[in-house]
Amino acid sequence: MNLKDLYIDFFVSKGHKQIPSAPVVPENDNTVLFNTAGMQPITPYLKGKPHPYGKRLCDYQKCIRTNDLDSIGDSYHHTFFEMLGNWSLGDYFKKEAITWSFEFLTKVLNIPVNRLAVTIFAGNEIAPKDIEAKEIWMSLGIPENRIAETKEDNWWPNLELPGLCGPDSEMFYFRSSDEIPEKFDPEDERWVEIWNDVFMQYNHNEDGSMQLLQNKNVDTGMGVERVTAILEGVNDNYLSSIWKDIIDLICKISNLPYEGNEKSMRIIADHIRTSVFISADYSSIKPSNVGQGYILRRLIRRAIRHAKSLNIDISSDWDSKIACAIMDKYENYYSEIKENRNVVLEVLKNEKEKFNRTLEKGLREFEKITRDNSDIDAQNAFKLYDTYGFPIELTIELASERNLKVDEEGFKEKFKKHQELSRTASAGQFKGGLGGNGEIEIKYHTATHLLNAALKQVVGSDVHQKGSNITTERLRFDFSCDHKLSEEEKLKTEELVNKWINEKLDVTVKEMNKEDAIKSGAECMFIEKYPDVVTVYSIGNISHELCGGPHVKNTSELGKFKIKKEEASSAGVRRIKAVLE
Ligand code: SER
């Protein structure tokens, strides 16, 4: 049995209910992109809200930490990991928590007591030294010289951050084959932390004061990857049973040994696994240039770049083979992986196709830029991003492999300027509907403007855009309208769009002051969210819209426009799906 099963079985036997992992994207918290710890989704319940499953919970939670993204490639960092946890919501406290931790480590995982050591909170002005925890550990058989005390390291998350917190007791395992020192020193790297019992009793208010919570809670956390590697006696996490077969598969695909290629192979394994979990998640993230979608894009593109560096044929199905092997491992634990296998493969395939189109050229451009061993200025960094789809972090990585620098600040400036312009098309949730910036999407984008203008003429001037979404297959357009379109209205709309396409109208763009743009009657949404200077795209004389682009140069590029479906979207809003043939 593996660690996850052993853990859950053990805590269920102690009266806990297993709860499912929350999605990787926090549900009611937009301050972070992803869940980074097992307790994060439990926060409201630790604060006192009754949990539908009761007061004793346990789970394995999907966690993603992207601040470690650039460290991936070493032997122990992962962007995705699973965290085991058990919680008491105002039910049991220190005695049970510590006793069960000890029992699980020594009786279920069979770790000899001699290899264990613990830390406890040393005390400060907020809370006294945790003598109680110390006494419990000693009563279980941990000798006093294997118990160390700290102030800063035994307060979770730390003494500065506002929010839920409390003193904790951390458990350590002696990982080395050296003789085990009598006295435990938490600074000695041969002792590695394996588990953390937090006695969560406080809320750290914004003003710095500490407030006792309604309940005395227990929050524990154990990282599956790390502890599995430790128990299996490997010093490289990627050689543990969690990763070994994935690494073997990458060796097979690349026809190269792991030794000497560790960094790229670990990056590929890690990034594809995280991409699988992000794209299978019920939060439906797709690669994009913002938020979680941008992280997904970076992960996939970096994996592709490293696959290329191993001479893997990146247009082959190498990525789906790896993703499938990963999904086979996890699908019995996560229903979303089972249900969304095809979604994951589709996301990988689309993003790969998009990036593969420009990667080769982009790498050549990179060679050209750095030919004289010169650093990369903002202009070139932005070009690599904008034209060749190189996330800035990828450019930085490529540059650092040659000891070159990238003008990141300058890039950020340019990027910001670019975003301001795009924001004209993306007020709030409305992203101009432009998923990617591929040739096909750009055509659909222009077709969307034509459709908007045609509907105004055919259905009525009170038609306004309510939403838009574009893929390489179709456009989807939501608009205000109080009735189902008649066959005649649909036909007329279609004819009008095709007429404008045949008229070969030029698409032009100009920057305007926001007020002037509105006065001139340009179509827009959520006006208050636009910047002061906006771009207005005009198609001949028939359409003027505030928009960040991009668009085709002339409507003749579009092909034939066809409405595929017209349906209700929500009250007073209709939806059209249309294609260009
Ligand atoms: N919240 C603590 C941690 O993340 C214990 O779960 O380490």
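Residues numbered from 1 in each chain as written. Predicted model: local features only at pLDDT ≥ 70, side-chain atom pairs only at ≥ 80, totals over all residues. Heavy atoms only, no water.

According to the stated counting rule, one finds 42 salt bridges in the structure shown. Where Arg298 meets Glu393, a salt bridge forms, and the shortest distance between an N and an O atom there is 3.4 Å. Here Glu393 lies in helix α13 (residues 392-400) and Arg298 lies in helix α8 (residues 291-309), a separation of 95 residues in the sequence. The class of Arg298 is buried, set by a relative accessible area of 13%. Several salt bridges converge on common partners, so that one network encompasses Lys129, Lys134, Glu144 and Glu149. (Salt bridge = Lys/Arg side-chain N within 4 Å of Asp/Glu carboxyl O. Helix = DSSP H or I, 4+ residues; strand = E, 2+ residues; numbered from the N terminus. Buried < 20%, exposed > 50% of the residue type's maximum accessible area, 1.4 Å probe, protein only.)

Taken together, Ala37, Met39, Met83, Trp156, Asn196, Val198, Asp219, Thr220 and Gly221 make up all the residues around the ligand. Within the side chain of Asp219, a nitrogen or oxygen atom sits 2.7 Å from a nitrogen atom of the ligand. A distance of 3.0 Å separates an oxygen atom of the ligand from a polar backbone atom of Thr220. Protein coverage of the free-state accessible area of the ligand, which is 230 Å², stands at 93%. Every element with two or more residues in the shell around the ligand is listed here: β8 (191-204) and β9 (210-223). At three residues, the largest contribution of residues to the shell around the ligand is made by β9. (Near = heavy atom within 4 Å. Polar contact = N/O pair within 3.5 Å; in protein donor to acceptor, adjacent residues only side chain to side chain. Areas by Shrake-Rupley, 256 points an atom, 1.4 Å probe, with all protein chains shown as cover.)

Turning next to the sheet that holds strand β10 (residues 465-470). On the basis of which strands lie adjacent, the open sheet formed by four strands has the order β10-β11-β16-β15 and antiparallel pairing. Every interior strand has two partners, whereas the edge strands, β10 and β15 (561-570), have only one. Each strand axis lies, on average, 20 degrees off the axis of its neighbour in the sheet, ignoring direction. Strand direction decides the pairing type here: strand β11 (residues 475-480) and strand β16 (residues 573-580), joined by six bridges, are antiparallel. Note that in β16 the partner of Asp478 across the bridge is Arg575. Across the sheet, helix α15 (residues 439-458) lies against β10, β11, β15 and β16, angled at about 25 degrees from β11, the strand it touches most. (Pairing = 2+ DSSP bridges. Axes fitted to C-alpha atoms, helices over the stretch in contact; angles between N-to-C directions. Contact = heavy atoms within 4.5 Å.)

With that settled, the discussion passes to the pairing of β16. Within β16, seven of the eight residues are buried, leaving the element largely enclosed by the surrounding structure. Where β15 meets β16, eight bridges bridge the pair, whose relative direction is antiparallel. In the sheet register, Ala568 faces β16, and the bridge partner there is Arg574. Between β15 and β16, which pair antiparallel one after the other, the connecting turn spans two residues, and Gly572 there sits at a positive phi close to 75 degrees.

As a further point, take the side chain of Gln292. Assignment of secondary structure puts Gln292 in helix α8. A polar contact of 2.8 Å, which involves the side chain of Gln292, links it to the backbone oxygen of Leu33. Among all residues touching Gln292, those that are not within four sequence positions of it are Val25, Leu33, Phe34 and Ile285.

Turning next to the pairing of strand β7 (residues 163-174). Summarising burial for β7: 11 of the 12 residues are buried, a large majority. Two elements, strand β4 (residues 116-121) and β7, share four bridges in a ladder whose sense is antiparallel. Each bridged residue has a counterpart across the sheet, and for Ala117 the counterpart in β7 is Phe172. Across two bridges, the pairing between strand β6 (residues 155-156) and β7 is antiparallel. Pairing of Trp155 across the sheet is with Pro167, part of β7. Here 10 bridges tie β7 to β8, and the two strands are oriented antiparallel to one another.

Residue placement: Arg273 occurs in helix α7 (residues 262-280). By relative accessible area, which is 1% here, Arg273 ends up buried. A distance of 2.7 Å separates polar atoms of two side chains, one belonging to Arg273 and the other to Tyr330. Leave out the neighbours within four places in its chain, and Arg273 touches His78, Phe80, Phe81, Glu225, Ile242, Trp243, Ile326 and Tyr330.

A word on helix α11 (residues 341-369). Compared with the 42 Å implied by 1.5 Å per residue over 29 residues, the 40 Å span of α11 between its first and last C-alpha is a close match. At Leu359, α11 is bent by approximately 40 degrees, the largest bend along its length. (Expected span 1.5 Å × (residues − 1). Bend = angle between axes of the 7 residues up to and from the residue.)

Between Trp156 and the following residue, Pro157, the backbone shows a cis peptide bond with an omega angle of 0 degrees. Considering the arrangement of structural elements, one finds Pro157 in the loop between β6 and β7. Of note, the phi angle at Asn110 is positive, near 55 degrees, even though the residue is not glycine. Structurally, the position occupied by Asn110 is in the loop between α3 (94-108) and β4.

On to a negative patch on the surface, then. The grouping of Glu152, Asp153, Glu160, Asp185, Glu187 and Glu189 at the surface amounts to a negative patch. Inspection of the secondary structure assignment puts Glu187 in the loop between β7 and β8. (Patch = residues over 30% accessible without salt bridge, like charges linked within 9 Å, V, L, I, M, F, W, Y side chains within 5 Å. Lys, Arg positive; Asp, Glu negative; His and termini not counted. Charge placed at Lys NZ, Arg CZ, Asp CG, Glu CD.)

Close contact between α11 and α13 brings their axes to 12 Å; oriented N to C, the two are set at 40 degrees. As summarised for this structure, α11 and α13 are arranged oblique, according to the angle between their axes. The two elements α11 and α13 cross, and the hand of that crossing is right-handed. Side by side, α11 and α13 meet where Phe355, Leu363 and Phe366 of the first sit next to Leu394, Thr395, Leu398 and Ala399 of the second. Tallied by class, residues from the contact of α11 with α13 come to six nonpolar, one polar and no charged. (Parallel < 35°, antiparallel > 145°, perpendicular 65-115°, else oblique. Left-handed = near helix turned anticlockwise from the far one by under 90°. Nonpolar A, V, L, I, M, F, W, Y, C, P; charged D, E, K, R; others polar.)

Once that is clear, we can look at the packing of aromatic side chains. Inspection of the entire model under this criterion finds 29 aromatic pairs. Centre to centre, the rings of Tyr7 and Phe104 are 5.4 Å apart; their planes meet at 85 degrees, and the pair counts as edge-to-face. Taken together, the residues span a long stretch of sequence, with Tyr7 in helix α1 (residues 3-13) and Phe104 in helix α3 at a distance of 97 residues. An angle of 65 degrees between the planes, with centres 5.8 Å apart, marks the rings of Phe93 and Phe199 as edge-to-face. Residue Phe93 is found in the loop between β3 (80-88) and α3, and its partner Phe199 is found in strand β8; the two are separated by 106 residues along the sequence. Here Phe93 matches Phe199 in class, with each residue buried. Taken together through their ring pairs, the aromatic side chains of Tyr60, Phe80, Phe277, Tyr330, Tyr333 and Tyr334 make up a single cluster. Above the plane of the ring of Tyr60 lies Lys4, whose end atom (NZ or CZ) is 5.4 Å from the centre. It is Lys94 that lies over the ring of Phe199; its NZ or CZ is 5.3 Å from the centre. (Phe/Tyr/Trp six-rings, centres within 6.5 Å; stacked < 30°, edge-to-face > 60°. Lys NZ or Arg CZ within 6 Å of the ring centre and 35° of its normal.)

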